[in-house]
Amino acid sequence: MNLKEHLGDHILSPTILALAEAVKGISQAVKTADMGKVGTMNSSGEEQIAIDVQADEILRKMAEACDQVGLLASEEMEGEDKVGEGEYAICHDPLDGSSLFDVNLSVGTIVGIYKTNSFIGVKGDDQVGAFVAVYGPRTTIFFTLRDGVNEFTLIDSEFVMTKENIKVAEEGKMFAPGNLRACSERKDYLKLVNYWCENQYRLRYSGGMVPDINHILIKGMGVFAYPGYGDQPNGKLRLLYECAPMALLMEEAGGSASDGQNRVLEIVVKDLHQRTPIFVGSKMEVQRCKDFLA
Ligand code: FDP
């Protein structure tokens, strides 16, 4: 079944189809983009590479052209922009995993979809959908419109369903330990990492949130962790652009996502670039993180 057939007359069909078209453009750009830095910074002071800028532009054009979209925010932008009269709002990390780009590892795009006229004050729970693209040897997308998670693969210019109703098991011995540097100060995180090692968990860590969480969804178990420490107590990952969409996808697949105390989806966005620690994946594995890090 192709994407259009799957979406049928769903109210958000135009937005998802527009996002899928944008992904085709980004997928092509990923193959040809210059690997160098472009000398500009994003709003968080991180140096941009050409593909960050290109992917951001492709998604902006998509948002401006899509009648359903009225508001846009991006990890690469300072604020939120009115881009049309539509009642939906999209926020995105156009190219997650930029530091993996020059070494030819998988990167991705993460999108949250809301019905709002400002992202300030929303919670991840307010999302009407979440959408992710993975640019690996194949280009895949997976998304939810709060009715489960399905994967589609780009084959001959068309997205074709390759995995239906993705489910994540209650537990599973696979770990993706982000920010291991935190172990230098956080003995609780070191103990958790030791627990994973001593109990023969399988390490699957790529350094990119998108492929790491895609791995959990496709294999159907495991946990991805990114705690904070020191002068970055909330870690590095953004609530609006990265963690909230991933949390919705994981919950829709039967898993969970926590900041160590709260459901990620219940955290209120007070700042567009707000960061949060995250533990996401199989429910019992997330609970174990909470227990170790309490
Ligand atoms: P990147 O900086 O390469 O864009 O949020 C961005 C992210 O990658 C995630 O994809 C990844 O999980 C995390 O940062 C890795 O961070 P560090 O290796 O810097 O700890």
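Scroll up to find the structure.
(A) Expanded view of the overall build of the protein chain. Helices and strands together make up the secondary structure of the protein chain, namely seven helices and 15 strands. The C-alpha atoms of the protein chain give 18 Å as radius of gyration, which agrees with the globular expectation for 294 residues (19 Å, within 12%). Based on the C-alpha atoms only, the size of the protein chain along its principal axes is roughly 50 × 40 × 40 Å. In the protein chain, which comprises 294 residues, the proportion classed as buried is 55%. Considering only intrachain contacts with a sequence separation of at least 6, the fraction spanning at least 24 residues in the protein chain is 62%. Summed over its atoms, the accessible surface of the protein chain is roughly 12,600 Å², and 47% of this surface lies on carbon and sulfur atoms. Seen as two clouds, the 29 positive and the 43 negative side-chain charges of the protein chain have centres 6 Å apart.

(B) A look at the pairing of strand β6 (residues 107-114). In terms of burial, β6 is largely enclosed, as eight of its eight residues are buried. Alternating positions in β6 separate into two faces, V107, T109, V111 and I113 on one and G108, I110, G112 and Y114 on the other, with burial throughout. Here six bridges tie strand β5 (residues 88-96) to β6, and the two strands are oriented antiparallel to one another. Across the sheet, the residue bridging to D93 is I110, located in β6. Sheet topology note: the β6/strand β7 (residues 129-135) ladder contains seven bridges and is antiparallel. What sits directly across from G108, in β7, is V134.

(C) Structural detail: the site of the ligand. Near the ligand lie 13 residues; those nearest to it are D96, S99, R181, Y226 and E242. Interatomic distance of 2.6 Å between a side-chain N/O atom of E242 and an oxygen atom of the ligand. With the chains in place, 82% of the 460 Å² that the ligand exposes on its own is no longer accessible. Grouping the amino acids of the shell around the ligand by side-chain chemistry returns four nonpolar, five polar and four charged.

(D) Geometry of the environment of T40. For T40, the location among the structural elements is in strand β1 (residues 37-41). Residue class for T40 comes out partly exposed when judged on its relative accessible area of 36%. Put simply, T40 and D291 are 251 residues apart on the chain and 41 Å apart in space, counted from C-alpha to C-alpha. Not counting chain neighbours up to four residues away, the residues in contact with T40 comprise E46, E47 and Q48.

(E) Structural detail: helix α2 (residues 13-32). Here α2 spans 29 Å end to end across 20 residues, near enough to the 28 Å set by a 1.5 Å rise per residue. The set of residues buried in α2 consists of S13, T15, I16, A18, L19, A20, A22, V23, I26, S27, A29 and V30.

(F) Representation of the packing of aromatic side chains. Inspection of the entire model under this criterion finds seven aromatic pairs. Taking the centre distance of 5.6 Å and the plane angle of 85 degrees together, the rings of Y114 and F119 count as edge-to-face. Here the two residues Y114 and F119 agree in accessibility, since each one is buried. Here the aromatic rings of F131 and F143 are separated by 6.2 Å at their centres, their planes lie at 25 degrees, and the arrangement is stacked. A residue pair is termed long-range when its members are at least 10 positions apart, and F131 in strand β7 and F143 in strand β8 (residues 139-144) qualify at 12 residues. Summarising the burial analysis for this pair, F131 and F143 share the class buried.

(G) Structural context of unusual backbone geometry. A positive phi angle, close to 65 degrees, is found at R146, a residue other than glycine. Its location among the elements puts R146 in the loop between β8 and β9 (150-155). For D156, which is not a glycine, the phi torsion comes out positive at approximately 50 degrees. Position of D156 relative to the elements: it lies in the loop between β9 and β10 (158-163).

(H) Molecular detail of the pairing of β9. As judged from the four bridges shared by β8 and β9, these two strands associate in the antiparallel manner. Residue pairing for β9: F142 is matched across the bridge by E151. Turn length for the β8-β9 hairpin, with the two strands adjacent in sequence and antiparallel, is five residues, and the turn residue R146 shows positive phi of about 65 degrees. In this structure, β9 lies alongside β10, joined through five bridges in antiparallel fashion. Bridged to L154 within β10 is F159. Taking the residues between adjacent antiparallel strands as the criterion, β9 and β10 are bridged by two residues, where D156 takes a positive phi near 50 degrees.

(I) Representation of a positive patch on the surface in the model. Together, K163, R202, R204 and K219 give the surface a local cluster of positive charge. Tracing the backbone shows K219 in helix α5 (residues 209-219). The class of K219 is exposed, set by a relative accessible area of 57%.

About the cut-offs
- Residues numbered from 1 in each chain as written.
- Predicted model: local features only at pLDDT ≥ 70, side-chain atom pairs only at ≥ 80, totals over all residues.
- Heavy atoms only, no water.
- Helix = DSSP H or I, 4+ residues; strand = E, 2+ residues; numbered from the N terminus.
- Rg over C-alpha atoms; globule rule 2.2 N^0.38 Å.
- Buried < 20%, exposed > 50% of the residue type's maximum accessible area, 1.4 Å probe, protein only.
- Contact = heavy atoms within 4.5 Å.
- Areas by Shrake-Rupley, 256 points an atom, 1.4 Å probe, with all protein chains shown as cover.
- Lys, Arg positive; Asp, Glu negative; His and termini not counted.
- Charge placed at Lys NZ, Arg CZ, Asp CG, Glu CD.
- Pairing = 2+ DSSP bridges.
- Near = heavy atom within 4 Å.
- Polar contact = N/O pair within 3.5 Å; in protein donor to acceptor, adjacent residues only side chain to side chain.
- Nonpolar A, V, L, I, M, F, W, Y, C, P; charged D, E, K, R; others polar.
- Expected span 1.5 Å × (residues − 1).
- Phe/Tyr/Trp six-rings, centres within 6.5 Å; stacked < 30°, edge-to-face > 60°.
- Patch = residues over 30% accessible without salt bridge, like charges linked within 9 Å, V, L, I, M, F, W, Y side chains within 5 Å.
- Salt bridge = Lys/Arg side-chain N within 4 Å of Asp/Glu carboxyl O.

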